[in-house]
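Remarks on the overall topology
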Amino acid sequence: MSDVLLNVQDLRISIPTTHGLVHAVNGISYEVMRGEIMGIIGESGSGKSVSSYAVMHLLPENFIVESGKVFLDGEELLHKSNAEMQAYRGKKISMIFQDPLSCLDPVYTIGYQLTETILAHENISKKEAQTRAKEMLHAVGLRDVDRLMNQYSFEISGGMRQRVMIAIALVCSPKLLIADEPTTALDVTIQDQILRLLRKLSEENRMTMIFITHNFNVAAQICDRVSVMYGGHIMEQGPIADVFANPAHPYTQAILNAMPKMNTSPEERLTPIPGEPINPVHMPAGCPFHPRCSLARKICKEEFPAETIISDKHFAYCHRLEETADE
Ligand SMILES: Nc1ncnc2c1ncn2[C@@H]1O[C@H](COP(=O)(O)OP(=O)(O)OP(=O)(O)O)[C@@H](O)[C@H]1O
Ligand SMILES: [Mg+2]
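Residues numbered from 1 in each chain as written. Chains lettered and ligands numbered in written order. Predicted model: local features only at pLDDT ≥ 70, side-chain atom pairs only at ≥ 80, totals over all residues. Heavy atoms only, no water.

1. A short note on the pairing of strand β1 (residues 4-17)
Note on strand geometry: in a regular strand, side chains alternate between the two faces of the sheet. Pairing analysis gives eleven bridges linking β1 to strand β2 (residues 20-33), with the strands arranged antiparallel. Residue pairing in the sheet places Ser 14 in a bridge with His 23 of β2. A loop of two residues connects β1 with β2, the two strands running antiparallel in sequence. Relative to strand β4 (residues 64-72), β1 runs antiparallel, the two sharing seven bridges. Residue Gln 9 lies in a different strand from β4, and its bridge partner there is Lys 69. (Pairing = 2+ DSSP bridges. Helix = DSSP H or I, 4+ residues; strand = E, 2+ residues; numbered from the N terminus.)

2. What about the sheet that holds strand β10 (residues 233-239)?
Ordered by their spatial adjacency, eight strands build an open sheet running β6-β7-β8-β3-β9-β10-β12-β11, and the pairing between neighbours is mixed. Of all the strands in the sheet, the pair left with one neighbour each is β6 (93-96) and β11 (307-311). Shown here is a sheet whose adjacent strand axes are inclined to one another by a mean of 20°, direction ignored. Looking at chain direction, β6 and strand β7 (residues 176-180) are connected through four bridges and run parallel. Bridging from a neighbouring strand, Ile 93 pairs with Leu 176 of β7. Each of β6 and β7 is contacted by helix α7 (residues 158-170), which is oriented at about 175° to β6, the strand it contacts most. Strands in contact with helix α8 (residues 188-205) are β3 (37-41), β6, β7 and β8 (208-213); relative to β8, the strand with the most contacts, it is inclined by about 160°. (Axes fitted to C-alpha atoms, helices over the stretch in contact; angles between N-to-C directions. Contact = heavy atoms within 4.5 Å.)

3. A closer look at the packing of helix α4 (residues 110-121) against α7
For the pair α4 and α7, the least separation of the axes is 9 Å and the interaxial angle reads 20°. Looking at the two axes, α4 sits roughly parallel to α7. Helix-helix and strand crossings are classified by hand; for α4 and α7 the assignment is right-handed. For the pair formed by α4 and α7, the contact residues are Ile 110, Gln 113, Leu 114 and Thr 117 on the first element and Val 164, Ala 167 and Ile 168 on the second. Residue composition of the contact of α4 with α7, grouped by class: five nonpolar, two polar and no charged. (Parallel < 35°, antiparallel > 145°, perpendicular 65-115°, else oblique. Left-handed = near helix turned anticlockwise from the far one by under 90°. Nonpolar A, V, L, I, M, F, W, Y, C, P; charged D, E, K, R; others polar.)

4. Focus on the domain arrangement of the chain
Annotation of the chain at the domain level lists domain 1 (4-92 + 174-326) and domain 2 (100-173). The centre of domain 1, based on its C-alpha atoms, is set 29 Å off from the matching centre of domain 2. For the pair domain 1 and domain 2, the summed buried surface comes to about 1,200 Å²; carbon and sulfur atoms form 66% of the total. On the domain 1 side of the contact with domain 2, Lys 91, Pro 174 and Leu 197 bury the most area, a combined 36% of that side's loss. If you look at where domain 1 meets domain 2, you find one salt bridge. Glu 122 is paired through a salt bridge with Lys 91; the nearest N and O atoms lie 3.2 Å apart. (Domains from an automatic or database assignment. Buried area = accessible area lost by both parts, 1.4 Å probe. Salt bridge = Lys/Arg side-chain N within 4 Å of Asp/Glu carboxyl O.)

Written out as structure tokens, the structure is:
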């Protein structure tokens, strides 16, 4: 069995809008190993969600997949029909969304939503499904589960809802879990608990995960490796400790500089990334970060850089690095 669970090749996605064609994802390729937690980090609009929704086959109808292949366990997903993907989702790949309220149905109890998810994929009795549902609620740290089974999503707190979402995503033991900013809406203590829970569940079940976040500190807490995205491209990728300690791309350095620093006054804490965020209808030629990069030169405006290897499994796409590597 190959060590690679997910293999994404040259994924390109555009979105027709009234302002023109949005170039949301512009040729990304990556692999995720079995049991690994891969972070996807980047500013708002960098293509983290759109590229991950494509893996789940959950893109809205009008989105255009210009090119790409997505292999899960060697099986290509992008060409599967919706019916085939429905059987896959939940069972093989599952997703935790940023906003649990929009995904939990207010009309049905939590118990109903969990058992229906199980019964859609497994040939077991309703009673067995209910038992499994309760075990899962317990496994994600919820108590008083008999009562919870009969409650509705609007009756419980945000932290509990997020745990219920995790329970629904994990109840059929998916091979791959995509978690899209699963803790952004929560306060720091609950966020910590959820991150620890996800890490534990991933280790116990050897579950592979793609973890999307804006926040390097969150990524450092949970991820093994990280891909840094900008303008629909991967700009840098590597083991989280290496990227954190030795960020190679000026964009990664800028994100790290913009992180809130401890022990400084609130006004001093944030150094915003200079320049305007990208306009995805008019993508700049060359490196998409060049209009905001103080080190940009002529070639940066013309060609997308080649891969430069920084160290084992750590690489980045920046012309400046290519030059240093050639010296
Ligand atoms: N429904 C949509 N209609 C038009 N453009 C969209 C739509 N969804 C996403 N986009 C555009 O696609 C690009 C990638 O968006 P995406 O949602 O993947 O970003 P993201 O990295 O997930 O950002 P965030 O951190 O804000 O969630 C952005 O330019 C965004 O404006
Ligand atoms: Mg997003």
